[in-house]
Amino acid sequence: MKNDPVVDDRRRPAGQTFLSVLVALAGFAVAARAGDPPVLRIAYFIPRDRQPCADYTNRLDAVVRDVQELYRTGMEANGHGPLCFTPDRTADGRLRFFVVRGKQPMREYGRNDAGKVRQEVKEAFSQAGLDLERETVLLFQVLLEWQGGKAVEVGPYCGSGDQRHGTAWVYDDERLDPRRLADLSPGGYYHGPCSIGKFNTHYVGGVAHELGHALGLPHDREARNDPRGSSLMGGGNHTYGRDRRNEGKGTFLSAASALPLVRHPLFTGRAEAGGAACSSTLLDLSAEFQGGALSVAGRLQAQPAAYGVAAFNDSEQIPDDYDALGLASGVDSKGRFRFAITELSQGRWALRLRVCHANGGSSWLAFDYAVDSQNRPDLSAFRARWQLNEAVQARARGDLSAAEALVSKLEKSASLSPQLQREAAHLRSLFSPAPPKRLADLPASARTVSVAELAFAEARTGWGAPLRNEVAPEQGKSCLIEIEGQFFSRGLYAHAPALHRLDLAGGWSRLRSRAGLQDGHKGSVVFVVKGDGRELYRSPRVEARKVVSLEVDVRGVATLELATENAGDGNNGDWAVWAAPELAR
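Residues numbered from 1 in each chain as written. Predicted model: local features only at pLDDT ≥ 70, side-chain atom pairs only at ≥ 80, totals over all residues. Heavy atoms only, no water.

**Section: the overall build of the chain**
When helices and strands are tallied, the chain shows 9 helices and 33 strands. Taking 25 Å as the expected radius of gyration for a compact globule of 585 residues, we find that the chain reaches 26 Å, a close match to that expectation. The C-alpha extent of the chain, read off along each of the three principal axes, is 85 × 60 × 45 Å. The buried share of the chain, reckoned over its 585 residues, is 54%. Surface summary for the chain: the accessible area is close to 24700 Å², and the carbon and sulfur share equals 48%. Computed over 73 positive and 70 negative side-chain charges, the inter-centroid distance for the chain is 1 Å. (Helix = DSSP H or I, 4+ residues; strand = E, 2+ residues; numbered from the N terminus. Rg over C-alpha atoms; globule rule 2.2 N^0.38 Å. Buried < 20%, exposed > 50% of the residue type's maximum accessible area, 1.4 Å probe, protein only. Areas by Shrake-Rupley, 256 points an atom, 1.4 Å probe, with all protein chains shown as cover. Lys, Arg positive; Asp, Glu negative; His and termini not counted. Charge placed at Lys NZ, Arg CZ, Asp CG, Glu CD.)

**As for unusual backbone geometry**
With an omega of -10°, the peptide bond between Gln303 and Pro304 qualifies as cis. Mapped onto the elements of the fold, Pro304 is located in the loop between β14 (293-303) and β15 (306-315). Backbone geometry at Asn375 places phi at a positive 65°, although glycine is not the residue there. One can find Asn375 in the loop between β19 (362-371) and α7 (379-396). Residue class for Asn375 comes out partly exposed when judged on its relative accessible area of 34%. Phi is positive for Ala580, close to 50°, though the residue is something other than glycine. Examined against the element boundaries, Ala580 turns out to sit in strand β33 (residues 576-584).

**As for the sheet that holds strand β17 (residues 336-341)**
Spatial strand order, β13-β14-β17: 3 strands in an open sheet with antiparallel pairing. At either margin of the open sheet sits one strand with a lone partner, and together these are β13 (279-290) and β17. Averaged over neighbouring strand pairs, the angle between their axes works out to 20° when direction is ignored. Where β14 and β17 come together, 6 bridges link them in antiparallel fashion. Note that in β17 the partner of Val296 across the bridge is Phe339. Sitting on the sheet, α7 touches β13 and β14, and the angle it makes with β13 is about 170°. (Pairing = 2+ DSSP bridges. Axes fitted to C-alpha atoms, helices over the stretch in contact; angles between N-to-C directions. Contact = heavy atoms within 4.5 Å.)

**Remarks on the sheet that holds strand β16 (residues 325-330)**
Taken together, the 4 strands give an open sheet; going across it, the order is β16-β15-β18-β19, and neighbouring strands pair in antiparallel fashion. Two strands close off the open sheet at either side, each with one partner strand: β16 and β19. Adjacent strand axes in the sheet meet at a mean angle of 20°, parallel and antiparallel pairs treated alike. Summarising the sheet, strand β18 (residues 347-357) and β19 pair through 10 bridges and their orientation is antiparallel. Bridge pairing in β19 links Val355 to Ser363.

**Some remarks on the pattern of salt bridges**
All chains considered together, the criterion is met by 45 salt bridges. Salt-bridge contacts for Arg96 lead to Asp88; the nearest nitrogen and oxygen are separated by 3.1 Å. Take Arg96: its relative accessible area is 15%, and that puts it in the buried class. Residue Asp88 is classed as buried on the basis of its relative accessible area of 5%. A salt bridge links Arg107 to Glu145; its shortest N-O distance comes to 2.3 Å. (Salt bridge = Lys/Arg side-chain N within 4 Å of Asp/Glu carboxyl O.)

**Some remarks on the nonpolar core**
Counting residues in each nonpolar core, the largest one holds 77 residues, and the members touching the most others are Tyr44, Val67, Tyr71, Phe85, Leu138 and Phe140. Per-element tally for this core: the top contributor is helix α2 (residues 56-77), with 8 residues. Contact partners of Leu138, with chain neighbours within four places excluded, come to Leu40, Arg41, Ile42, Ala43, Val64, Ala168, Val170 and Val207. Among the nonpolar cores identified, the runner-up in size contains 33 residues, and Ala498, Val529, Val552 and Trp578 belong to it. (Core = buried A, V, L, I, M, F, W, Y, C linked by side-chain atoms within 4.5 Å.)

**Here's the deal with the side chain of Thr136**
Mapped onto the elements, Thr136 comes out in strand β4 (residues 136-141). Look at Thr136 and you get buried, because its relative accessible area is 5%.

**Brief notes about the pairing of strand β7 (residues 158-161)**
Relative to strand β8 (residues 166-171), β7 runs antiparallel, the two being bridged by 4 bridges. The partner of Gly159 across the bridge, within β8, is Ala168. Between β7 and β8, which pair antiparallel one after the other, the connecting turn spans 4 residues.

**Section: the packing of aromatic side chains**
Ring pairs (aromatic) are described by centroid distance and by the angle formed between their planes. Under the defined criterion, the tally for this structure stands at 19 aromatic pairs. Look at Phe45 and Tyr109: their rings are 5.1 Å apart centre to centre, the planes differ by 85°, and that puts the pair in the edge-to-face class. Note that Phe45 is positioned in strand β2 (residues 40-46) and Tyr109 in the loop between β3 (97-101) and α3 (114-127), a separation of 64 residues in sequence. In this structure, Phe45 and Tyr109 share a single accessibility class: buried. Through a chain of ring-to-ring contacts, the aromatic side chains of Trp146, Tyr157, Tyr171, Tyr190, Phe199 and Tyr203 assemble into a single cluster. Lying over the aromatic face of Phe252, Arg228 brings its terminal NZ or CZ to 3.8 Å of the ring centre. Arg263 extends its terminal NZ or CZ atom over the ring of Tyr307, reaching a point 4.9 Å from the ring centre. (Phe/Tyr/Trp six-rings, centres within 6.5 Å; stacked < 30°, edge-to-face > 60°. Lys NZ or Arg CZ within 6 Å of the ring centre and 35° of its normal.)

**So, helix α4 (residues 196-214)**
Its 19 residues place the ends of α4 27 Å apart at the C-alpha level, agreeing with the 27 Å of an ideal helix rising 1.5 Å per residue. The buried fraction of α4 amounts to 18 of the 19 residues, a majority that puts the element mostly inside the structure. (Expected span 1.5 Å × (residues − 1).)

**Details of the packing of α2 against α4**
With their axes 10 Å apart at the nearest point, α2 and α4 run at an angle of 60° to one another. Judged by the angle between their axes, α2 and α4 are oblique. Two packed elements cross with a definite hand, and for α2 against α4 that hand is right-handed. On the side of α2, the interface is formed by Val63, Val67, Leu70 and Tyr71, while α4 contributes Val204, Val207, Ala208, Leu211 and Gly212. Classifying every residue of the contact of α2 with α4 by side-chain character gives 8 nonpolar, 1 polar and no charged. (Parallel < 35°, antiparallel > 145°, perpendicular 65-115°, else oblique. Left-handed = near helix turned anticlockwise from the far one by under 90°. Nonpolar A, V, L, I, M, F, W, Y, C, P; charged D, E, K, R; others polar.)

**Observations concerning the environment of Leu430**
Inspection of the secondary structure assignment puts Leu430 in helix α9 (residues 418-431). Separated by 85 residues in the primary sequence, Leu430 and Ser345 place their C-alpha atoms 33 Å from one another. Dropping the residues within four chain positions of it, Leu430 is found in contact with Arg395, Arg468, Asn469, Glu470, Cys479 and Leu480.

The following block contains the structure:
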């Protein structure tokens, strides 16, 4: 069947086939006009071998209204007034659905196929005169399959976006209905049999959570013992509405989530918001520890002007960001902001600052710090770590002069720790890296050589470009290689699936390396070494904060391959790194 877009007007006569609806309404004009206030688009995706779920128009209208109420009351509770997104509705107030018939059967749309589904929806939107790259879309999919009383999640369930556009991939099911959140009767399933009410907690809550990602919200958690329950962008998708069954506290919109939405086009109703690029620079930063709280104060320069800063304090001992405590601060006329961070424990931490700009956009600042066994943060390194990360971000945006100035300033600090000295020196070496070496050009006296310094016959990665001695730059994060808290100055970025092929031409006897995932990522990978096509080494499954060490006999090998594979669960988060790889004669 042709992948035609339609607007479902909920007036289909009983018994009329789905095909007739597509043909009858294919030419319906829905193109957005200049000046129209932005709305949340609702798409309904049906694989070729499935049918729409019963009564979906009424049920999903109730879902959208319930989620609206969570956002509206959350914005008001955080002092921003009853702001909320507006869904796309017809003139008489009915929810407008863009129904898209998939090109393939259900089993061809797996958990990692968000891009495949979105591409088909994008084509359908284009035929309706809409550009998906300029829309925020709540995409319901008929990709939840029941097998003998068990609900199997077949397709993608995720969300991604910013103030300009976004997509939330969620499921529809005939049981999905917020009006049944209080229903204690059996018949639901989520990691085991459950009530209909609990089923809706997870899947209506999932709609609200993934829509948050489509709006550009990251994960964050609530403070311990928060009387309101769970933060929507933390575990709130699994507590949504359970208070309606008297089974515990429910879900709320945190201050860190509400703040960026104040100027989001869907919440302001102004399509012109979010056009200009955003940038911010910290002009000053101070930190003090008193009464169990880390007080961080700063002054920033922002373009366009900043109205607030959301902070996310994330323990690096936990390989994900669901545990990041979210906080929010206003920005005064002089660019000043302040936070008080509690609930510290021993280990390494990352503090990420989301600067919220007047045009609805955001920029990010980030730095790491350590907390000792007495739960006291290392304030001496706080400012230095901030300066190092500022230099990393300056380099990432192409401002080498600013990056060099920051590193020079840092290197002159008398109190700089040996660890930060090594990291600063390494960052400086990345400003003008030496060209890769050919093995054939090495003198016979060279008994060892870093693999990261060599010219490869082939190099490719599963995300981003192949890199030496650094990882792909992420928004607000360091590019330095770190595994399990340890910094490595030599290494290969090898996001799975990746391959680095090297012509040895004999003459080398051993390959030594450590291997793991870059800190802050929760993927799972397998590291493989091949010699002349024959597998010489295969690691066990490597997950976050796990490191393997290997030593492989490569005597007589002409062509050496270092490969990384996903561990059978897709390559999301598979930031693999070969750390300190070395060849020895």
